[in-house]
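A look at the structure
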Amino acid sequence: MGHHKLEHFAENLTFPNLFQVSYEMLKQEGFALRGRWAEHFGNSNPITLELGCGKGDYTVALARIHPDRNYIGVDIKGARLWRGAKTAHEDHMDNVAFIRTRIELIEQFFAPEEVSEIWITFPDPQPKRANKRLTCERFLGYYKHFLKPGSPIHLKTDSQELHEYTRDEVIPEGHYTVEYATNDLYATPAEVHPDIPCLVEAQMTQTFYERMFLAEGKPITYIKFRIN
Ligand SMILES: C[S@@+](CC[C@H](N)C(=O)[O-])C[C@H]1O[C@@H](n2cnc3c(N)ncnc32)[C@H](O)[C@@H]1O
């Protein structure tokens, strides 16, 4: 393991905005802020999650754009989360937090109706294991437990397969409404389509992986849907 990685893991323990709980602790005691995130943030502004946030730069960017909302980035990789947690801490961004966990355990961290929006950004497409995809019915079932009714879920991915799977297989089977879907997000510039307001939010900032894919000339897919 790299020297920096160990330093980052140690520094992670000092950040007041980064939460990591062992599986045993979760099972025995539960997560202390479940149902009490408003106390942590000091307000009851709506909470947006970014699942699989990596370095957390999208979480931080969205939080700068919307200081009237709270943002929580979730990932299993502590060395990546370090980046976002450090920036948010140094910049005194009180509306940002991070959770280091497997998303399979996400229900343990939020009480019913505690979350108002989810972004799923460039998740591993899992071509061989449908039940590991972050938009499969199993994971959507977890999210349903803590989302407010009608909350939007956004998926941005370079994987046409994951996009089509979500749009054509998962959504038509369940109780979901698609608000907007495109195979090439930036082919429809938001400024020339004021009739599609969600394009503004989807195009206004990019994730770390998204910038790499755009530099390679890959189209970015986007879908926004709601659980009915
Ligand atoms: C391709 S990266 C994308 C990172 C970031 N969203 C971006 O666009 O720059 C996928 C991220 O999802 C995380 N991830 C994948 N499956 C996960 C799971 N089941 N639980 C927690 N994190 C997961 C990985 O650790 C990785 O950081």
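Residues numbered from 1 in each chain as written. Predicted model: local features only at pLDDT ≥ 70, side-chain atom pairs only at ≥ 80, totals over all residues. Heavy atoms only, no water.

**Section: the overall build of the protein chain**
Each helix and strand counted, the protein chain has nine helices and eight strands in total. Taken against the 2.2 N^0.38 rule, which gives 17 Å for 228 residues, the C-alpha radius of gyration of the protein chain at 17 Å falls within 12% of a compact globule. When its C-alpha atoms are laid out on the principal axes, the protein chain stretches across 45 × 40 × 35 Å. Among the 228 residues that make up the protein chain, the fraction classed as buried is 49%. The contacts in the protein chain between residues at least 6 apart in sequence include a share of 75% that link residues at least 24 apart. A total of about 11200 Å² of accessible surface is found on the protein chain, and carbon and sulfur atoms cover 53% of it. Separation of charge centres in the protein chain, based on 26 positive and 32 negative side chains, amounts to 5 Å. (Helix = DSSP H or I, 4+ residues; strand = E, 2+ residues; numbered from the N terminus. Rg over C-alpha atoms; globule rule 2.2 N^0.38 Å. Buried < 20%, exposed > 50% of the residue type's maximum accessible area, 1.4 Å probe, protein only. Contact = heavy atoms within 4.5 Å. Areas by Shrake-Rupley, 256 points an atom, 1.4 Å probe, with all protein chains shown as cover. Lys, Arg positive; Asp, Glu negative; His and termini not counted. Charge placed at Lys NZ, Arg CZ, Asp CG, Glu CD.)

**Let's talk about the sheet that holds strand β4 (residues 96-100)**
With mixed pairing, eight strands are arranged side by side in an open sheet as β1-β4-β3-β2-β5-β6-β8-β7. Looking at the sheet topology across the chains shown, the edges are occupied by β1 (18-20) and β7 (176-182). When strand polarity is set aside, the average angle formed by the axes of neighbouring strands in this sheet is 20°. (Pairing = 2+ DSSP bridges. Axes fitted to C-alpha atoms, helices over the stretch in contact; angles between N-to-C directions.)

**Observations concerning a nonpolar patch on the surface**
Taken together, Ile-65, Val-200 and Met-204 make up a surface patch of nonpolar side chains, about 230 Å² in accessible area. By the element assignment, Ile-65 lies in helix α4 (residues 57-65). Ile-65 gets classed as partly exposed once you look at its relative accessible area, which sits at 38%. (Patch = residues over 30% accessible without salt bridge, like charges linked within 9 Å, V, L, I, M, F, W, Y side chains within 5 Å. Salt bridge = Lys/Arg side-chain N within 4 Å of Asp/Glu carboxyl O.)

**Observations regarding the side chain of Asp-75**
Along the polypeptide, Asp-75 turns up in strand β3 (residues 70-75). Within the structure, Asp-75 has its side chain in polar contact with the backbone nitrogen of Gly-54 (distance 2.7 Å). (Polar contact = N/O pair within 3.5 Å; in protein donor to acceptor, adjacent residues only side chain to side chain.)

**Description of the pattern of salt bridges**
Under the definition given, this model contains 14 salt bridges. For Glu-117, the salt bridge is made with Arg-69, and the minimal N-O distance between the two is 3.5 Å. Remark: Arg-69 occurs in the loop between α4 and β3 and Glu-117 occurs in strand β5 (residues 117-121); sequence separation between them is 48 residues. In this structure, Glu-117 and Arg-69 share a single accessibility class: buried. Glu-201 serves as the salt-bridge partner of Lys-224, at 2.9 Å between the closest nitrogen and oxygen. Here Lys-224 is found in strand β8 (residues 221-227), whereas its partner Glu-201 is found in helix α8 (residues 198-203), with 23 residues between them in sequence. Given the relative accessible area of 6%, Lys-224 is considered buried. It is possible to trace a salt-bridge network through shared partners that takes in Glu-179, Glu-201, Lys-224 and Arg-226.

**Thoughts on the site of the ligand**
Looking at the ligand, there are 18 residues lining it, with Gly-52, Asp-75, Arg-80, Thr-121 and Thr-207 nearest. Here Ile-76 contributes a backbone N or O atom positioned 3.3 Å from a nitrogen atom of the ligand. Between the ligand and Glu-104 there is a distance of 3.0 Å, counted from a nitrogen atom to a side-chain nitrogen or oxygen. When its residues are assigned to classes, the shell around the ligand shows six nonpolar, five polar and seven charged. (Near = heavy atom within 4 Å. Nonpolar A, V, L, I, M, F, W, Y, C, P; charged D, E, K, R; others polar.)

**Quick look at the state of the cysteines**
Simply put, disulfide is the name for a covalent bond between the sulfur atoms of two cysteines. The final tally for this structure, using the stated rule, is zero disulfides. Here Cys-53 is not cross-linked by a disulfide; its sulfur's nearest cysteine counterpart is in Cys-136, at 19 Å. (Disulfide = S-S within 2.5 Å.)

**Regarding the packing of aromatic side chains**
In the structure shown here, the tally under the stated rule is 17 aromatic pairs. Consider the rings of Trp-37 and Phe-110, whose centres lie 5.6 Å apart with planes at 20°: the pair is stacked. In this pair, Trp-37 sits in helix α3 (residues 37-41) while Phe-110 sits in the loop between β4 and β5, placing the two residues 73 residues apart along the sequence. Residues Trp-37 and Phe-110 agree in their burial class; the two are buried. Cluster of aromatic residues (ring-pair linked, three or more members): Phe-19, Phe-31, Trp-37, Phe-41, Phe-109, Phe-110, Phe-139, Tyr-142, Tyr-143 and Phe-146. Across from the ring centre of Phe-208, 4.8 Å away, lies the NZ or CZ of Lys-55, which sits over that ring. Positioned over the ring face of Tyr-165 is Arg-133, at 4.4 Å from the centre of the ring. (Phe/Tyr/Trp six-rings, centres within 6.5 Å; stacked < 30°, edge-to-face > 60°. Lys NZ or Arg CZ within 6 Å of the ring centre and 35° of its normal.)

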